[in-house]
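Observations on the three-dimensional arrangement
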Amino acid sequence: MVIRIAAVGDVHLDEDVVGRFRPALEELPECADVLLLAGDLTRHGTEAEARCVAQEFGGLAVPVVTVLGNHDHQCDQVPQVVKVLEDAGITVLEGNGVVLDCAGGRLGIAGVKGFGGGFAGRCASDFGEPEMKSFVRTTNESADRLGEALRSLECDMLVALTHYAPVPDTLVGEPLEIYPFLGSYQLGQAIDSAPTALALHGHAHAGTERGMTPGGVRVRNVAHPVIKQAYSVFHVGDQLDTDQVSPIGGSGIQRSWS
Ligand SMILES: [Fe+2]
Ligand SMILES: [Fe+2]
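Residues numbered from 1 in each chain as written. Chains lettered and ligands numbered in written order. Predicted model: local features only at pLDDT ≥ 70, side-chain atom pairs only at ≥ 80, totals over all residues. Heavy atoms only, no water.

Further remarks concern the coordination of the iron ion (ligand 2). Distances from the iron ion (ligand 2) to its protein donors, namely Asp40 (OD), Asn70 (OD1), His163 (NE2) and His203 (ND1), fall within the range 2.1 to 2.3 Å. Around the iron ion (ligand 2), the four donor atoms are arranged such that angles at the metal cover 89 to 156 degrees; this shape is classified as irregular. Read N to C, the donor residues that coordinate the iron ion (ligand 2) are spaced as D-x29-N-x92-H-x39-H. A gap of 3.5 Å separates the iron ion (ligand 2) and the iron ion (ligand 1), which Asp40 links by coordinating each metal. (Donors = N, O, S within 2.8 Å, 3.2 Å for Na, K, Ca; no water. Tetrahedral: all angles 85-135°; square planar, octahedral: opposite > 155°, others 65-115°.)

See the structure below:
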């Protein structure tokens, strides 16, 4: 039993990018059961940019599930952005989950944008000024919602989808000074609180693709500048957890652009 998951984050769409992903997206049914988007779909979170996302990622032959990223919040138009995406058939998760019936079984996806805060030994703490307590409370609440969503889904395979990173492994390449703004260890704890098979995130454009939670869950940074292709494909299953890597052009599916 294998479920095939395509994923990409940080596509940062505006009018000038529309059409660049679409040829590869049309090939999705050949290699994937679902497409997951790890946030930062837009540059500034405008309704107009969301319409570009809907045009590019709407109406595909596989289900599309997304979380939003920090860029998608920039213009304070989140409700409008979400409506445009949902009208295009894209499922938007924020502290909740969805179960999809795939050929290889029931895939549970729990998603949250997440937040910063840093990682064990180098993290913000719930102490001092109200602003700092508010910052850490946002981190904790976001991670709590992810954990609750993960533990609530009845499915055969479980995937966590976030924008911010749950581990520092996939941040390697970014300046150490900004790690606390790229993710938080609480997300990793939430992922480890359930039998998660795979954790996908974006946000760290200069990071590294592969990592692992302290509990041993496979973490992949699918930010487009990291994976350098329209999407990566991951297989999850009873006996097979692999990153499906097709040589460019070798499978007849051209998934890359630069
Ligand atoms: Fe981004
Ligand atoms: Fe981001």
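That shown, we press on.
Spatial strand order, β5-β6-β9-β10-β12-β11: six strands in an open sheet with mixed pairing. Two strands bound the open sheet, and with one partner strand each, they are β5 (96–102) and β11 (210–212). The sheet shows a mean angle of 25 degrees between the axes of neighbouring strands, direction not considered. Relative to strand β12 (residues 218–221), strand β10 (residues 198–201) is paired through four bridges, and the arrangement is parallel. By the bridge assignment for β12, His201 is matched with Asn221. (Pairing = 2+ DSSP bridges. Helix = DSSP H or I, 4+ residues; strand = E, 2+ residues; numbered from the N terminus. Axes fitted to C-alpha atoms, helices over the stretch in contact; angles between N-to-C directions.)

Listed as protein donors to the iron ion (ligand 1) are Asp10 (OD), His12 (NE2), Asp40 (OD) and His205 (NE2); their distances from the metal cover 2.0 to 2.3 Å. For the iron ion (ligand 1), the four donor atoms are set out with angles of 87 to 169 degrees between them, so the coordination reads as irregular. Considered as a linear motif, the donors of the iron ion (ligand 1) on their single chain read D-x1-H-x27-D-x164-H. On the basis of relative accessibility, which here comes to 3%, the residue Asp10 falls in the buried class. (Buried < 20%, exposed > 50% of the residue type's maximum accessible area, 1.4 Å probe, protein only.)

Time to look at the environment of Ile227. Structurally, Ile227 can be placed in helix α7 (residues 224–227). On the accessibility criterion, Ile227 (9% relative accessible area) is buried. In contact with Ile227, not counting residues within four places along its chain, are Ala7, Val8, Glu209, Asn221, Val222 and Ser232. (Contact = heavy atoms within 4.5 Å.)

In this section: the packing of helix α3 (residues 47–57) against helix α4 (residues 78–87). To characterise two packed helices, one gives the angle between the axes of the helices and the distance between these axes. Relative orientation of the contacting elements α3 and α4 amounts to 20 degrees, with a least axis distance of 9 Å. As judged from the angle between their axes, α3 and α4 are roughly parallel. Helix-helix and strand crossings are classified by hand; for α3 and α4 the assignment is right-handed. Facing α3, whose interface residues are Glu47, Ala50, Arg51, Val53 and Ala54, α4 presents Gln80, Val81, Val84 and Leu85. Classifying every residue of the contact of α3 with α4 gives six nonpolar, one polar and two charged. (Parallel < 35°, antiparallel > 145°, perpendicular 65-115°, else oblique. Left-handed = near helix turned anticlockwise from the far one by under 90°. Nonpolar A, V, L, I, M, F, W, Y, C, P; charged D, E, K, R; others polar.)

In short, shape yes, function no, at least from these values alone.
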